[in-house]
There are 2 protein chains.
Amino acid sequence: MTNLSYDAKMREAMQALTQWGAFLTTSADGAQNTMAIGWGSIGFAWGKPLFTVLVRNTRYTHELLEKATEFVVSIPLTDHMQKELDYCGTQSGRDKDKFRTSNLKTAPGQKVSVPIIAGCQLHYECRILTSLPISLDELHESCHQWYADDYHILYVGEILACYEIA
Amino acid sequence: MTNLSYDAKMREAMQALTQWGAFLTTSADGAQNTMAIGWGSIGFAWGKPLFTVLVRNTRYTHELLEKATEFVVSIPLTDHMQKELDYCGTQSGRDKDKFRTSNLKTAPGQKVSVPIIAGCQLHYECRILTSLPISLDELHESCHQWYADDYHILYVGEILACYEIA
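Conventions adopted
- Residues numbered from 1 in each chain as written.
- Chains lettered and ligands numbered in written order.
- Predicted model: local features only at pLDDT ≥ 70, side-chain atom pairs only at ≥ 80, totals over all residues.
- Helix = DSSP H or I, 4+ residues; strand = E, 2+ residues; numbered from the N terminus.
- Rg over C-alpha atoms; globule rule 2.2 N^0.38 Å.
- Buried ≥ 20, exposed ≤ 12 C-beta atoms within 10 Å, placed from the backbone.
- Contact = placed C-beta atoms within 7 Å.
- Arc of directions from axis to C-beta.
- Nonpolar A, V, L, I, M, F, W, Y, C, P; charged D, E, K, R; others polar.
- Pairing = 2+ DSSP bridges.
- Least-squares fit on C-alpha atoms with pLDDT ≥ 70 in both.

Draft legend 1. Geometry of the overall build of chain A. Each helix and strand counted, chain A has three helices and ten strands in total. The secondary structure elements of chain A, listed N-terminal to C-terminal, are β-α-β-β-β-β-α-β-α-β-β-β-β. At 15 Å, chain A has a C-alpha radius of gyration in line with the 15 Å of a compact globule built from 166 residues. Within chain A, buried positions represent 45% of all 166 residues. The long-range share in chain A, meaning contacts at least 24 apart out of those at least 6 apart in sequence, stands at 70%.

Draft legend 2. Spotlight on helix H1 (residues 10-19) of chain B. Residues and elements named next belong to chain B. By the burial criterion, the buried members of H1 are Met 10, Ala 13, Met 14, Ala 16 and Leu 17. Down the axis, H1 shows its buried residues gathered within 165° of arc, on one side only. Positive phi appears at Gly 21, one or two residues downstream of H1, with a value of about 105°.

Draft legend 3. Structural detail: the environment of Cys 162 of chain A. Residues and elements named next belong to chain A. Relative to the helices and strands, Cys 162 resides in strand E10 (residues 152-164). Using a count of 26 C-beta atoms within 10 Å as the deciding quantity, one classes Cys 162 as buried. Counting along the chain gives 51 residues from Cys 162 to Lys 111, while the straight-line C-alpha distance between them is 9.9 Å. Look past the residues within four positions of Cys 162 in its chain and what remains in contact with it is Leu 4, Ser 5, Tyr 6 and Tyr 124.

Draft legend 4. Main features of the interface of chain B and chain A. In this complex, chain B contributes 28 residues to the contact, which on the side of chain A involves 28 residues. When residues of the side of chain B that touches chain A are traced back to their parent elements, those giving at least two are H1, strand E4 (40-45), strand E5 (48-56) and strand E9 (122-133) of chain B. Per element, the largest residue contribution to the side of chain B that touches chain A is six residues, and it comes from E4 of chain B. Taken together, the residues of the side of chain B that touches chain A sort by class into 16 nonpolar, nine polar and three charged. When strand E4 (residues 40-45) of chain A meets E4 of chain B, the two strands line up antiparallel, connected through five bridges. Paired with Gly 40 of chain A across the two strands is Phe 44 of chain B, which belongs to E4 of chain B.

Draft legend 5. Representation of unusual backbone geometry within the structure. All names here are of chain A. Its identity is not glycine, yet Asp 29 carries a phi of approximately 50°, on the positive side. Following the sequence through the fold, Asp 29 ends up in the loop between strand E2 (22-28) and strand E3 (31-37). A tally of 9 C-beta atoms within 10 Å means that Asp 29 is categorised as exposed.

Draft legend 6. Examining the relation of the copies chain B and chain A more closely. Turning chain B through 180° and shifting it by 0.0 Å along the axis lays it on chain A, with an RMSD of 0.0 Å. A rotation of that kind, with that shift, is consistent with a two-fold axis. By residue overlap, the copies meet face to face through one surface: 100% of the interface positions of chain B are interface positions in chain A.

Draft legend 7. Just the pairing of strand E6 (residues 70-75) of chain B, in detail. Residue and element names in this part refer to chain B. Among the six residues of E6, six are classified as buried, and the element is accordingly described as predominantly covered. The alternating pattern of E6 places Glu 70, Val 72 and Ser 74 and Phe 71, Val 73 and Ile 75 on opposite faces, both of which are buried. Here strand E2 (residues 22-28) pairs with E6 via four bridges, running antiparallel. Bridge pairing in E6 links Thr 25 to Val 72. The pairing of E6 with E9 spans six bridges and is classified as antiparallel. Residue pairing for E9: Val 73 is matched across the bridge by Tyr 124.

Structure follows, in structure tokens:
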């Protein structure tokens, strides 16, 4: 395991995220879940490095994040986990425990109680600083095609640990 | 001028932003202003590359951004514009036209009507997609030290052009 500054692999992270996706894992009240994400931002504010994710209000992950204090973004730096990402992107944690019904394996987080997804090279362990619901009324019309009756919530996480596992 | 993908220099951008700062320029109703920023995020959502900036509600730039549709982030990749950044970080565009009272020079934007700051190497021309006010009630206590009676608004911009000027 190699500890990294939050920005060391930010370009690789964004490229992987937008090309094949990443896992967003969280837990609350004894339940845990992971979902596939393809959007996100990396930055800095309040003297802290940040990873911001977007989650639809209809997702089980949203239900967990509303009670959670932490999340982890685990990013495969090649497309070798496409099958697992597809599975997590099409199944809901409401109906099944994805960790029991797939080959997904977890490992303990270093700084958070949320696990990382094994097999991914890059991990961002985050503490939730705030959540910001997107209002469609306030969103540029070029983004409206992404919504039916739902909307996204931005979860802004402080990156507590960033590391690579070869 | 070299056109870049939004992520090509994101690490350099974040390092410059957090080490010595960058210029956030906007215009509305015939007025234009630039301010120094040290925070921000770069990412991707809605099929678009994003640059997110934070502006306090007390700033003149906030007044302009509430009416504006575009902004530009101009980033010096070395600290050669420290004096200009200090000036923009301590003076308000409410009291003076910073472009008349300093050595700051502008050049036309490529895709937006907001100018870039000459002398900076890296430029992100953005269209505002949404603005998200930070509620202190919903913000982790570790961030409260940054506020008195004010708060930040996140402006999420679609990066329409990203380029480097040698």
